[in-house]
Structures are given as structure tokens and as C-alpha cells.
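Fold and geometry: a report
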Amino acid sequence: MVVGSGVLYWLGSGSSGQPFPDIKSKHSLVAKHVTPEKWSKLSGIKTKTSGFTLEQAIACAVQFDNQHCGIYAGDADSYKDFADVFDPLIQEYHGISPNARHTSDMDVSKIRGTINPRAPVHSVRIRVGRSFEGFGLSPGITKQQRLDLEKLLKSALESLEGNLKGQYYPLLGMNEKVRQQLVDDHFLFMSGDPNLKVAGMERDWPEGRGIYHNKDKTFLVWVNEEDQTRIISMQKGGDVREVFARLAKGIQAVGKSVKDASGKDFLLDEKYGYIHSCPTNLGTGMRASVHIDLPGWTAEGLDKLQARCEELNLQPRGTRGESGGQTGVTYDISNKHRLGYSEVQLVQTMIDGVNTLYVEDLKLQRKHNQIF
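Residues numbered from 1 in each chain as written. Predicted model: local features only at pLDDT ≥ 70, side-chain atom pairs only at ≥ 80, totals over all residues. Heavy atoms only, no water.

Focus: the packing of helix α7 (residues 143-157) against helix α10 (residues 240-262)
Contact geometry for α7 and α10: axes closest at 9 Å, N-to-C directions at 120 degrees. One way to sum up the angle between α7 and α10 is to call them oblique. For the crossing formed where α7 meets α10, the hand is right-handed. Taking contact as the criterion, the partners of Leu152, Leu153, Ala156 and Leu157 in α7 are, on α10, Val254, Ser257, Val258, Ala261 and Ser262. In the contact of α7 with α10, the residues fall into seven nonpolar, two polar and no charged. (Axes fitted to C-alpha atoms, helices over the stretch in contact; angles between N-to-C directions. Helix = DSSP H or I, 4+ residues; strand = E, 2+ residues; numbered from the N terminus. Parallel < 35°, antiparallel > 145°, perpendicular 65-115°, else oblique. Left-handed = near helix turned anticlockwise from the far one by under 90°. Contact = heavy atoms within 4.5 Å. Nonpolar A, V, L, I, M, F, W, Y, C, P; charged D, E, K, R; others polar.)

Describing the layout of surface pockets
Approximately 210 Å³ is the volume found for the second largest pocket. Lining of the second largest pocket is provided by 13 residues; of these, Ala76, Tyr79, Lys80, Asp269 and Ile275 occupy positions nearest its centre. Secondary-structure elements contributing two or more residues to the lining of the second largest pocket are α5 (76-81) and β8 (268-269). Ranked by residues supplied to the lining of the second largest pocket, first place goes to α5 with four residues. Taken together, the residues of the lining of the second largest pocket sort by class into six nonpolar, no polar and seven charged. (1 Å grid on protein atoms, 1.4 Å probe; cavity = no way out; pocket = protein on both sides within 12 Å on 5 of 7 lines; lining within 4 Å. Points joined across faces, edges and corners; volume = space filled by probe spheres on them.)

Some words on empty space enclosed by the protein
Where empty space is left becomes clear once a probe the size of a water molecule has been rolled over the atoms. By the definition in use, this model includes one cavity of 30 Å³ or more. Quantified by volume, the largest cavity comes out at close to 30 Å³. Taken together, the residues of the lining of the largest cavity break down into four nonpolar, no polar and three charged.

Concerning the nonpolar core
Counting residues in hydrophobic clusters, the biggest one holds 53 residues, and the most contacted among them are Ile115, Ile126, Leu157, Val290, Ile333 and Val347. Listed by contribution, the elements that provide at least two residues to this core are β3 (121-130), α7, β6 (219-223), α10, β10 (287-293), α12 (302-311), β12 (330-335) and α13 (343-367). Per-element tally for this core: the top contributor is α13, with nine residues. Apart from residues no more than four positions distant in its own chain, Ile333 is found in contact with Ala288, Ser289, Val290, Ile292, Leu294, Cys309, Leu314, Gln315, Pro316, Met350, Val354 and Leu357. (Core = buried A, V, L, I, M, F, W, Y, C linked by side-chain atoms within 4.5 Å. Buried < 20%, exposed > 50% of the residue type's maximum accessible area, 1.4 Å probe, protein only.)

Structure representation (C-alpha cells):
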């Protein structure tokens, strides 16, 4: 540290005076794309919307040694101000070209067919993330921005009508009976995720956060979790078209209500689609999934199932979520991609892929003497 003209600053390679960071996730995309040259150029920049820095953006890759991507955006400005890092990283992760353009399509009439009614599907869940102009994203959003956004969204959500009509439940001061019911329904998002903490997403917890759901508990909105909003449509059984149609209706209704109240639109970029805090969710921000029993694939081996899903552009998880592990024979199967494809294309990929896995599962059950 050096003292000069009454200012303290760190000697280092960055324009902020910060030394080049020790990135613990050596094989992450951050380690590849945050070079000393880029650090020197970008580390002194603070974004306009939330004062976010590159140092904050890559905090997870610096602190943990297990990151694949390892970077978050603190606001929409981050993607532009730190484009020298974000652009090649996003292109590599999503497999898109530098001149790619995102196309959105929520027209349910374009979906062909549905999941085989004989397939042992427990439920369907489709979610997207959406962010609004003028507010930081979760890693960078200021306390006041978060409170203002919650107030805006609470009013917008509680003005919804028809089968979307419901109630908003703030996390702060939540009634214990309500909290337990949301836990029992598996609706409540929790604190404590190490990545979200280090990325700055749990600051001022639980203030400014909450959950909205309709009467039938088939339409939900998470407010100020990893993204400003996570809009979710779900129901028991395998009717993907109905779930997708409700989601499309809900997204449109939420967007219109916020626009009418504040004049603010969804953050939408012609190249990267709908803006999210994590670059892996750019584009549609959509995850369309089913919970399905696959006893044949379970007997064949999880590694074989993962490889087959990769071929079908699908992603298998345990029913406990991304890091919850696998139990039994029930899997969460979803689309793998987010960017470079429309919503209709990704839902179609999931439907076709799940039908393929089901047919193959029956053959594997015979192979492993589970059915005769």
C-alpha cells in the first residue's frame, strides 16, 4: 500500500490498483478469460446502475476451486462494461458465434405432440428468469433498489386476475404457519447457498424478498432470489402444453402490469436475450423439466443416462435439485440449452427427449429383468 496526495491505493496490475487475483478455480472459464491484460483494463471500472466491479463479478472463481463458469453480472451494465471478459466466455459456454442474435418464441400452438401418457411422469415444471430496467441484478442490486423493486412487483403481482390471481408472501416477518406450508409445498427458497453468498446475492437477507403463488399453486414468482424474478408454472401429471401456456400468459401479465405501473420493461438484449445475473441463464432463461421414473436407466447406470441425455440435449438431475444428489429411480429431466434457441424449440427438445428416454427405459427394464 502506498500513500500519495492523501490517497491510499494498492500497487498491482489493475487500473484500480488491485493486484491480479489468485483464481482458485484454475480450470474455470473465468481463469481462461480473465487475463492480466484484461484485468489491467477493466478492474477499475464501476458500473453505473449499481457500482459493480469485475472483482465482485468473479468472486466465486477466486474463493472456490470448483467453479465451471465462476462469474456473475451485477447489473445489465456489467455485460457491456466487462464485455472483454463476458463476450468470449458466453460464446464458449453457449456455443454461439460472436454475431449471434437471440430469438424468443412463446407460441404454444407451435409445439408438436406431448409426452407419452404412459410415461411415468409425476409433474411438469417450467421456469424463466426476468429482470427489469433500472435495477441492479441480485449480485449488485443496492438495498434501496431491492426494496423499490419488491414494492413494484408486489403491487403488480397482486393485480393479476383469473387463474393467475393469488397472494404475495414477503420473507421478512413471514408468519410461521405460512412459512411451514411453503416449505411443505417445496416453494420456499432458502438462504445459505455458498455461491450466492460469495456472489453478494444474500446481502440484507431476507429483506426485499418474497414468493407469490396463485390459489391452485400452479403459478409462482420468486422475487429477488438469484434473479429479480423467477416466474414458474407447474402442475402434477405430464401436460407440458398446459404448463407452457400458463407460463406464457403469466410472463405477459407480469410484464404488462409492471410496465403499466412504472414504464419499465424486461431487460432484453438483441444478442443475449433476457438478462440474468448468471451468464449460463442468458437467452430464454428457461428450464423446462419433468420428474419421471426411469428404473431401466437407473439399473444401466447414472453415467450412461448422463451420456444419453447429453446426446439428446437434455440435463438429468436428482429430484432434490442441482446439488441435492439422486435418490431412487425418479429423475428431473430438463433442456440443457438456454441461449441460441427459442422457448418453443427448448420445450420441444424436452418433450421429444423424454419420450425417447421412456421408450429406451422400457427396453432397459427388460434387459435388467425388471419386466418380462
